[in-house]
Amino acid sequence: MNTTPMQSNMSDPLPAIVNPHLILPIPDGILPGKTEDIVLGIVCLVLAIAISASNLLLLTVLWRLRKRRLSTHLLVQSLAVLDLMVGVFVLPSMLTPLLTHRKVQFSETFCAVSGVLTSVTVTGSVLMVMSLALDRWIAVRYPVRYPRISSRPRVLLMVSFVWVEAILFSVIPLIPPLGGYRYKETMCTCLKVVGDDKSSVFSVTSYTLCAALPLCVVMVAGVAIVVVLRRRPKLSSQLHRSGGHLLL
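Nothing here was measured: the structure is a model prediction, and the numbers come from that model. For every chain, the first residue of its written sequence is number 1, and the numbers climb from 1 along that sequence. For a predicted model such as this one, the threshold for reporting local features is a pLDDT of at least 70, and the threshold for listing and counting side-chain atom pairs is 80 or more; totals across whole chains, interfaces and linings nevertheless cover every residue. In computing side-chain values, all of the structure's heavy atoms are included and hydrogens and water are not.

Concerning the overall build of the chain
A count of helical and extended segments in the chain gives eight helices and four strands. If you list the helices and strands of the chain from N to C, you get β-α-α-α-β-α-α-α-β-β-α-α. Counting every position in the chain, which comprises 248 residues, the buried fraction comes to 38%. When checking whether two residues touch, look at their non-hydrogen atoms; a contact exists if any pair is within 4.5 Å. Put simply, 73% of the contacts in the chain that link residues at least 6 apart link residues at least 24 apart. When the accessible area of the chain is evaluated, it comes to approximately 14,700 Å², of which 70% is carbon and sulfur surface. Elements are defined by DSSP. Helices are runs of H or I of four residues or more, strands are runs of E of two residues or more, and each kind is numbered from the N terminus. For each residue, the accessible area found with a 1.4 Å probe, counting protein chains only, is set against the maximum for its type, and the residue is called buried under 20%, exposed over 50%, and partly exposed in between. Accessible areas in this description were obtained via Shrake-Rupley with a 1.4 Å probe; residue shielding takes into account the shown protein chains only.

Details of the packing of helix α2 (residues 71-93) against helix α4 (residues 108-141)
Look at α2 against α4: their axes get within 9 Å of each other, and the N-to-C directions meet at 155°. The angle between the axes of α2 and α4 places the two elements in the roughly antiparallel class. In this structure, α2 crosses over α4, and the sense of that crossing is left-handed. All amino acids are sorted into three groups, where Ala, Val, Leu, Ile, Met, Phe, Trp, Tyr, Cys and Pro are nonpolar, Asp, Glu, Lys and Arg are charged, and the leftover types, Gly among them, are polar. Classifying every residue of the contact of α2 with α4 gives 14 nonpolar, nine polar and three charged. Angular values range over 0 to 180 degrees, each being the angle between N-to-C directions of two axes fitted as lines to C-alpha atoms, with helices fitted over their stretch in contact. Roughly parallel means an angle under 35 degrees; roughly antiparallel means over 145; roughly perpendicular covers 65 to 115; every other angle is labelled oblique. Two helices that cross are described as forming a left-handed crossing if the nearer one is turned anticlockwise from the farther one by less than a right angle, and a right-handed crossing if clockwise.

Description of the nonpolar core
Nonpolar side chains tend toward joint burial in soluble globular proteins. Residues enter a nonpolar core if they are buried and are Ala, Val, Leu, Ile, Met, Phe, Trp, Tyr or Cys, with the set joined through side-chain atoms within 4.5 Å. The biggest cluster of nonpolar side chains holds 20 residues, and the ones touching the most others in it are Leu75, Cys111, Met128 and Cys190. Put simply, the parts of the chain that give this core at least two residues each are α2, α4, α6 (152-171) and β3 (181-184). Among the elements that make up this core, the one with the highest residue count is α4 (seven residues).

Here we look at the state of the cysteines
For this text, the term disulfide refers to a pair of cysteine sulfurs within 2.5 Å. Taken as a whole, this structure holds one disulfide when the rule is applied. One disulfide in the model links cysteine 111 with cysteine 190; its S-S distance is 2.1 Å. The sign of the S-S torsion, about -130°, decides the handedness of the disulfide formed by cysteine 111 and cysteine 190: left-handed. Of the two residues, cysteine 111 sits in helix α4 while cysteine 190 sits in strand β4 (residues 189-192), which places them 79 residues apart along the sequence. The burial state of cysteine 111 is the same as that of cysteine 190; both residues are buried.

Quick look at the environment of alanine 221
Structurally, alanine 221 is set in helix α7 (residues 197-231). Using a relative accessible area of 5% as the deciding quantity, one classes alanine 221 as buried. Once the C-alpha coordinates of alanine 221 and isoleucine 138 are considered, the two residues, 83 residues apart in sequence, prove to be 9.3 Å apart. Setting aside its immediate chain neighbours within four residues, alanine 221 contacts Ala133 and Trp137.

A short note on the packing of helix α1 (residues 34-64) against α2
Here α1 crosses α2 at 155°, and the two axes come no closer than 8 Å. Relative to α2, the element α1 lies roughly antiparallel. Crossing of α1 against α2: the hand is left-handed. In contact with Cys44, Leu47, Ala48, Ile51, Ser52, Asn55, Leu56, Leu58, Leu59 and Leu62 of α1, α2 contributes His73, Val76, Gln77, Ala80, Val81, Asp83, Leu84, Gly87, Val88, Leu91 and Pro92. Looking at the contact of α1 with α2 residue by residue, the classes come out as 15 nonpolar, five polar and one charged.

What follows is the structure in structure tokens.
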């Protein structure tokens, strides 16, 4: 397999966030062609616009309903902010590598910022979906006590916990022994570096607490909601007649 380094044209102007000297040899056949990269770039651009517009619309609606805001709306609003960050920061950062056929790498500073933002949005979204699943299970399982159990202060505490955990597990990799974030040309983004034993232990812990466990909770809560509604059909019809505010 030919592993000769790619030659970069130093006369071409590059953004300040890109270091033209960081060109790595990439084996032939590993990366897609220019046409595929252009298609992926267009897809990323369309997704970025769609995600940003839809979540801005959702945040606008929630803002107009602020006088009748339920505690659940705080969770939905926080999830919309996280998704908006994906459309505004994460997806656009992938356009430069795609449009240059992945011939450049980001500088360490920009890669650290991009990696932290990507990690915060992904981790926060998963944890926020878990919080919504638990909130919906409480609403179905304890409909009478739900307003008291899921009070506004408790929901605010839950939202704060999600943001703190997402930011904490995203910033910790920047500590020198853990390796930080590094640009991956095959993914067109900056990901956590997994090398020595310390970074491996942290990666396993982060994956368990921020991905595997929350997803398991979401699945269990979804099954529990279905079981409760099937056992209590009257409750389901009452929620439907009342406008379904406990299920939104």
